[in-house]
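An overview of the molecular structure
Single-letter residue listing:
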Amino acid sequence: MIKNNNASGFLTGERNVLVDNVKGLIILLFAVTNIYFNATLSFDMPEWAIHTGDIENIPFWSYLNFSLMDFGPAVFFFLIGLTVFPAFSKRVARDGSRAAFKHFFYRNAAIFGIFMAITFLQNKITDGTRDWDTIQSVGFTGLLLIPFMSTYMRKHTWTRAVAAAVVLLLFQFFHAQIYMFHGWQGGAAACVGYLGIVLVSSVLADAAKKGVTAYAAASVLVVIAAVLSDKYFGKSQFFTDYNTTYMLMSTAVLNTAYFVFYILDKIVIKNRPVPVLATMGRNLMLYLFLSLAILAVLELFLKDYPLNPTQLIIFETTTVCAYVLLSVLLKKKNITFKL
């Protein structure tokens, strides 16, 4: 769906512009790493960056027990948690509760269905065997989130904190039963853990609204929870069998990075949109589709053509420039793509 920002009411002052800026940065990183990881390369990538890299003796990464690219799934749900509850409350105030729940259901069902169809077609074209992917998890996790969108849950941060703890503990202690519904990249089973990330992130977002001290305190508690999970529940597991430690550890690290942007926003940016990045962030779904299209090109046309470092840089630079130019055009026309 294409919307004019003024007509839709999505004015800059009404948005969490910091989140838009961060989303834009994530899009650029996602585009670059998407090419980096999925292209056939004539050289080796650093172990700390790739899926299932040999990180046993690399400081920091060995403690996390997952690499840079393994943050990918958690990023989506951390960002969703930062905005989903206030955005839902705004829609309730504008359209009423029933219409808001209906829109939320249809939107997440559409994301789930569209990307399931894309995965099916991708398998048919490439003779692949994937039955699931991270974007399907976004839609399915959204559907799991519906019972938590009540007025009481939206207004009371502590209820979401308790709900997050319960969800993640259930994900830990009933892991085997939940993983009867596993699939590629965790499948539907991993979405229970992703639900925990969304709830934790929403609590952190509420703390951030209260100021640096409250946000810092909440952030420390999440780090402590991640460390305790690592100690008592075991190391992070990921990719096919995501566990509670991965959910908490990835959230803790992502939130630490977000905290840095939060401080910069308070001191320097002051909730102003960063050119290009903010526009990309507001059009997240469009750029995800473009990134999937790039992945299709890599798999269909460049699978047997190894890229050397120079060719990889050219490919990635061209992609980033195309994203920037598109962002400039969207900003000039005042257009936002929404699903």
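Below, the structure is looked at part by part.

Conventions and cut-offs
Residues numbered from 1 in each chain as written. Predicted model: local features only at pLDDT ≥ 70, side-chain atom pairs only at ≥ 80, totals over all residues. Heavy atoms only, no water. Helix = DSSP H or I, 4+ residues; strand = E, 2+ residues; numbered from the N terminus. Rg over C-alpha atoms; globule rule 2.2 N^0.38 Å. Buried < 20%, exposed > 50% of the residue type's maximum accessible area, 1.4 Å probe, protein only. Contact = heavy atoms within 4.5 Å. Areas by Shrake-Rupley, 256 points an atom, 1.4 Å probe, with all protein chains shown as cover. Lys, Arg positive; Asp, Glu negative; His and termini not counted. Charge placed at Lys NZ, Arg CZ, Asp CG, Glu CD. Expected span 1.5 Å × (residues − 1). Bend = angle between axes of the 7 residues up to and from the residue. Patch = residues over 30% accessible without salt bridge, like charges linked within 9 Å, V, L, I, M, F, W, Y side chains within 5 Å. Salt bridge = Lys/Arg side-chain N within 4 Å of Asp/Glu carboxyl O. 1 Å grid on protein atoms, 1.4 Å probe; cavity = no way out; pocket = protein on both sides within 12 Å on 5 of 7 lines; lining within 4 Å. Points joined across faces, edges and corners; volume = space filled by probe spheres on them. Nonpolar A, V, L, I, M, F, W, Y, C, P; charged D, E, K, R; others polar. Phe/Tyr/Trp six-rings, centres within 6.5 Å; stacked < 30°, edge-to-face > 60°. Lys NZ or Arg CZ within 6 Å of the ring centre and 35° of its normal. Axes fitted to C-alpha atoms, helices over the stretch in contact; angles between N-to-C directions. Parallel < 35°, antiparallel > 145°, perpendicular 65-115°, else oblique. Left-handed = near helix turned anticlockwise from the far one by under 90°.

Some points on the overall build of the chain
Across its full length, the chain carries 15 helices and two strands. A globule of 339 residues ought to have a C-alpha radius of gyration of about 20 Å, and the chain, at 20 Å, matches this closely. Burial statistics for the chain: of 339 residues in total, 45% are counted as buried. When contacts within the chain are restricted to residue pairs at least 6 apart in sequence, long-range pairs at least 24 apart make up 74% of them. Put simply, the chain shows about 16700 Å² of open surface, and 70% of that area lies on carbon and sulfur atoms. In the chain, which carries 27 positive and 18 negative side-chain charges, the distance between the mean positions of the two groups comes to 19 Å.

Some thoughts on helix H4 (residues 72-95)
With 24 residues, H4 should reach 34 Å at 1.5 Å per residue; the first-to-last C-alpha distance of 34 Å fits that figure. Its axis deflected by about 40° at Val84, H4 carries its strongest bend there, up to four residues before the proline Pro86. Residue Gly96 follows H4 closely and has a positive phi angle near 100°.

A short note on helix H14 (residues 284-301)
Along its 18 residues, H14 runs 26 Å from first to last C-alpha, staying within 8% of the 26 Å computed at 1.5 Å per residue. Buried within H14 are the following residues: Met285, Leu286, Tyr287, Leu288, Ser291, Ile294, Leu295 and Leu298.

Digging into a nonpolar patch on the surface
On the surface, Tyr152, Trp158, Val162, Val166, Leu169, Leu170, Phe173 and Phe174 cluster together into a nonpolar patch covering about 820 Å² of accessible area. Here the nonpolar patch gets six residues from one element, more than from any other, and that element is helix H8 (residues 157-173). Assignment of secondary structure puts Val166 in helix H8.

Concerning the layout of surface pockets
Approximately 390 Å³ is the volume found for the second largest pocket. Around the second largest pocket, the lining comprises 18 residues; the ones closest to its centre are Ala165, Leu168, Val200, Ala225 and Leu248. Counting only elements with at least two residues in the lining of the second largest pocket, the list comes to H8, helix H10 (187-209), helix H11 (212-232) and helix H12 (244-269). Of all the elements, H11 adds the most residues to the lining of the second largest pocket, at seven residues. In terms of residue class, the lining of the second largest pocket is built from 16 nonpolar, two polar and no charged.

Describing the packing of aromatic side chains
Overall, the coordinates contain 25 aromatic pairs when judged by the stated rule. Judged by centre distance (5.6 Å) and plane angle (50°), the rings of Phe112 and Trp132 are tilted. Here Phe112, found in helix H5 (residues 97-126), pairs with Trp132, found in the loop between H5 and helix H6 (134-145); they are 20 residues apart in sequence, far enough to count as distant. Note on Trp132: relative accessible area 9%, which makes it buried. Seen from their ring centres, Tyr152 and Trp158 are 6.5 Å apart, and the 85° between their planes marks the pair as edge-to-face. What makes Tyr152 partly exposed here is its relative accessible area of 46%. Lying over the aromatic face of Phe85, Arg160 brings its terminal NZ or CZ to 4.7 Å of the ring centre.

Section: the pattern of salt bridges
All chains considered together, the criterion is met by four salt bridges. Here Arg91 makes a salt bridge to Asp95, at a shortest N to O gap of 3.3 Å. With a gap of four residues between them, Arg91 and Asp95 both fall in helix H4, about one helical turn apart.

Examining the environment of Ser327
If you trace the backbone, Ser327 turns up in helix H15 (residues 309-333). Overall, Ser327 belongs to the buried group, its relative accessible area being 1%. When the C-alpha positions of Ser327 and Ala278 are compared, they lie 8.9 Å apart, and in sequence the two are 49 residues distant. Excluding residues within four positions of it along the chain, Ser327 makes contact with Val276, Thr279, Met280 and Tyr287.

Considerations on the packing of H10 against H12
Running from N to C, H10 and H12 point in directions that differ by 30°, and their axes come no closer than 10 Å. In terms of orientation, H10 and H12 fall into the roughly parallel class. Crossing of H10 against H12: the hand is right-handed. Contacts between H10 and H12 pair Ala190, Gly193, Tyr194, Ile197, Val200, Leu204 and Ala208 from the former with Met247, Ser250, Thr251, Asn255 and Tyr262 from the latter.

Comments concerning the environment of His51
Positionally, His51 belongs in the loop between helix H2 (17-38) and helix H3 (61-64). On a C-alpha basis, the gap between His51 and Phe66 in space is 7.7 Å, while along the polypeptide they are 15 residues apart. For His51, the contacting residues outside a window of four places in its chain are Phe37, Ser67, Met69, Asp70 and Phe239.

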